[in-house]
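# Descriptive structure summary
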Amino acid sequence: MSKSHHVEKATGVGDPQCFKGEAPAAKFKVGDKVRIRNLPDIFYTRSQMYLREAEATVVKLVYESPPAEDEAWDNTDSPEWFYSLLFKQTDLWPDYPKKFETDTLETELSERWLEGI
Amino acid sequence: MSTRENIMRHLNIVGQLQPALHQPQHAPTGDLIDNAHFRAYTRTSHDVGGEADVPITWEEKEEEIWEHNTFVTCEVLAWRGVWNAEERRRRQNVDVGQTIYLGMPYYGRWLMTIALILVDKQHVKLTELIDKIEEVKQRAKKQDGQFYDAKGHDL
Amino acid sequence: MSNSDNHDHKAAPMVDEISDFEALEVAVRELCIEKGLFTQDDHNEWTEYMHTLGPLPAARLVAKAWLDDDYKQLCIDDPVKASLEVGINWITSMPSNFGTPSDYCNPRILVDTPTLKHVVVCTLCSCYPRPILGQSPEWYRTPNYRRRLVRWPRQVLSEFGLQLPEDVEIRVADSNQKTRYVVMPVRPEGTDGWSEDQLTEIVTRDCLIGVAQPRADRKADDKRPIIRAVHAYGH
């Protein structure tokens, strides 16, 4: 019986710490503007629909990890960089009141979901 | 229609796909399902951010013994390497499908997911699971329908 | 039943006497043990670990940060290290020694300012920083909260009794991956000269999620109706 990766890889180290150094060089840096790709979300995703095709600013490179779509089948072959992204609420929602123009939303996505603009 | 408008339209559609008796579907032919509805039916059920909903009374809840035990079992299964939490979430929050997702209690899905992973990963045969549930129920009948004592320990 | 239950939602009585949920719970746990997937001792040990969890360590982290700018910076730069100082080791405090399977080891402290207010949700499930904050509240897990907070944060916050002026930026943090967020609110007025213990008392769970602001006269979260359990777990 094969055991989930945590038991072998993360004991004493933690997760996502155990994936440090395994991702290819980060494609984006803090301050970059990105658009969220509207990839097919068949069967599983942790990239929310309400973000798709919206623009965001990279505010932090948070950690390396397998994308959730792979980790959900216990596949840890291809870690990638995860980014914390800042969105303007008025960009996300057509009905967001303009008087609260400065309101924002922050969330994390893995690199595959981002394209530079 | 812009791509963000498509996204908003998706949210409108899925916001209405909740267990209900007024939109019966009996496996329509492919030509009747446009891409927006293909996307809606194959959506991941857990992705609810931005759907419309009404103000409700915010409530706290006492935890049931079975809910506590279920949570602990899920964590211990991951601790002992049977699954990782993301596998659990995928099965529990998406694989269950839209009707179970909104129809069953929160911890009901955690519990069903434990049962299914035991069978899927072939630790237990489905017939063994069925027999065990039946055995446990028969045992409980002899205990006035009770499974736990006042302290939450198994009877 | 009693007068004190007037405002609480009562658990609906089961139609049958045998609860399918309880039967399934016992069945799968017994099978896991019979098949050697874990032991009853393992289960008990994790239960004991859960008993240690609650919002006090996170409250103390905030109180310490209010009193010490260097510690506040540590909370921003290295939250795992900052958590150690309130007795929480995100990697080894729990029996697994790799963090809790569901909460991982990447806490982040979201620092409010007078013009920036954070509030946390997990739209996809109900991810929550359990090792430092305890179990999540029921309302946080509801599809309703998860649907609405990201899109109508000011409406939802006003339902929690929090209304903020338009010159305050509200930032919703949607914890959809491995990071777990704790909000560090702004230290309220009327707390000059307070000790760490006194400050800890007013940083309640709802303040750490971001749906309430700490106040000098507020030592408990707002009372809400409580859905009663049929067979309540109580330790």
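Residues numbered from 1 in each chain as written. Chains lettered and ligands numbered in written order. Predicted model: local features only at pLDDT ≥ 70, side-chain atom pairs only at ≥ 80, totals over all residues.

## Description of helix α3 (residues 65–79) of chain B
Residues and elements named next belong to chain B. Using the following cut-off: Numbering goes from the N terminus for both helices and strands, where a helix is a DSSP run of H or I of at least four residues and a strand is a run of E of at least two. A helix's residues, less one, multiplied by 1.5 Å, set its expected span. Neighbour counting defines burial: a residue surrounded by 20 or more other C-beta atoms within 10 Å of its own C-beta is buried, one with 12 or fewer is exposed, and intermediate counts give partly exposed, using backbone-placed C-beta atoms.
Across its 15 residues, α3 extends 21 Å between first and last C-alpha, which sits within 8% of the 21 Å expected from 1.5 Å per residue. Counting buried residues along α3, 15 of its 15 residues qualify, which places the element largely inside the surrounding structure. G81 sits one or two positions beyond α3 and adopts a positive phi of about 85 degrees.

## Brief notes about the packing of α3 of chain B against helix α6 (residues 106–120) of chain B
Residues and elements named next belong to chain B. How we decide: With axes taken as lines fitted to C-alpha atoms, and helix axes fitted only over the stretch in contact, angles between N-to-C directions fall between 0 and 180 degrees. Angle categories are assigned with fixed cut-offs, so that under 35 degrees is roughly parallel, over 145 is roughly antiparallel, 65 to 115 is roughly perpendicular, and the rest are oblique. Handedness of a crossing is defined here by the sense of rotation of the near helix relative to the far one, left-handed for an anticlockwise turn of less than a right angle and right-handed for a clockwise turn. By definition, residue pairs are in contact when their C-beta atoms, positioned from the backbone, come within 7 Å.
Taken N-terminus to C-terminus, the directions of α3 and α6 make an angle of 45 degrees; their axes are 9 Å apart at the nearest point. Compared by their axis directions, α3 and α6 come out oblique. Crossing angle aside, the handedness with which α3 passes α6 is left-handed. In this structure, α3 uses E67, T70, F71, T73, C74 and L77 to contact α6, whose residues at the interface are Y107, W110, L111 and I114.

## Observations concerning the domain arrangement of chain B
Our working rule: Each domain's extent is set by a domain assignment, obtained either automatically or from a database.
By the assigned domains, chain B splits into domain 1 (3–41) and domain 2 (65–141). If you average the C-alpha positions of domain 1 of chain B and of domain 2 of chain B, the two centres end up 29 Å apart.

## Here's the deal with helix α7 (residues 126–141) of chain B
All names here are of chain B. Convention followed: Directions drawn from the helix axis to the C-beta atoms are what define this arc.
For α7, built from 16 residues, the straight-helix expectation of 22 Å at 1.5 Å per residue is met to within 8% by its first-to-last C-alpha distance of 23 Å. Buried residues of α7: K132, V136, K137 and A140, and no others. What you see down the axis of α7 is that its buried residues fit within an arc of 135 degrees, all on one side. Residues of α7 that are exposed and point over 90 degrees away from its buried face: T127, I130, D131, E134, Q138 and K141.

## A short note on the interface of chain B and chain C
Put simply, the rule reads: When residues are sorted by character, Ala, Val, Leu, Ile, Met, Phe, Trp, Tyr, Cys and Pro go into the nonpolar class, Asp, Glu, Lys and Arg into the charged class, and all the rest, Gly among them, into the polar class. The pairing criterion is simple: DSSP has to find at least two bridges between the two strands.
The interface is formed by 56 residues belonging to chain B together with 55 residues belonging to chain C. Every element with two or more residues in the side of chain B that touches chain C is listed here: β1 (60–61), α3, α4 (85–95), α6 and α7 of chain B. Here the residues of the side of chain B that touches chain C are counted per class, giving 26 nonpolar, 14 polar and 16 charged. The pairing of β1 of chain B with strand β5 (residues 226–227) of chain C spans 2 bridges and is classified as parallel. Paired with K61 of chain B across the two strands is I227 of chain C, which belongs to β5 of chain C.

## Topic: unusual backbone geometry
Of note, the amide linkage connecting D15 of chain A to P16 of chain A takes the cis form, showing an omega dihedral of 20 degrees. Checked against the element boundaries, P16 of chain A lands in the loop between α1 (5–9) and β1 (33–36). Phi is positive for Q122 of chain B, which is not a glycine, with a value near 65 degrees. Residue position: Q122 of chain B is located in the loop between α6 and α7.

## Describing the interface of chain A and chain C
One widely used convention gives an interface's size as the accessible area the parts lose upon coming together. The interface of chain A with chain C comprises 27 residues on the first partner and 26 residues on the second. It is strand β4 (residues 104–110) of chain A that contributes the most residues to the side of chain A that touches chain C, 5 residues altogether. Looking at the side of chain A that touches chain C, its residues break down into 11 nonpolar, 10 polar and 6 charged. As paired strands, β4 of chain A and strand β3 (residues 169–174) of chain C are joined by 4 bridges and run parallel to one another. Bridging across to β3 of chain C, T104 of chain A finds its partner in R171 of chain C.

## Details of the pairing of strand β2 (residues 116–121) of chain C
Residue and element names in this part refer to chain C. In terms of residue burial, β2 counts as a mostly covered element, since 5 of its 6 residues are buried. Bridge count between β2 and β3: 6 bridges; the pairing is parallel. Bridge pairing links V121 to D174 in β3.

## Notes on the confidence of the model for chain B
Here is the rule: The pLDDT value expresses, per residue, how confident the predictor is, ranging between 0 and 100.
Model confidence for chain B is summarised by a mean pLDDT of 92, while 95% of its residues fall at 70 or above. What the predictor reports for the complex is a pTM of 0.92 with an ipTM of 0.96.

## What about the UniProt feature "domain: Nitrile hydratase beta subunit" (unreviewed entry) in chain A?
Put simply, the test is: UniProt positions are given in the numbering used here, feature names are shortened, and annotations may be inferred rather than shown by experiment.
UniProt records the feature "domain: Nitrile hydratase beta subunit" (unreviewed entry) for residues 23–115 of chain A in the present numbering. When the span residues 23–115 of chain A is considered, its composition is 9% helix and 35% strand, and the gap between its end C-alpha atoms is 17 Å.

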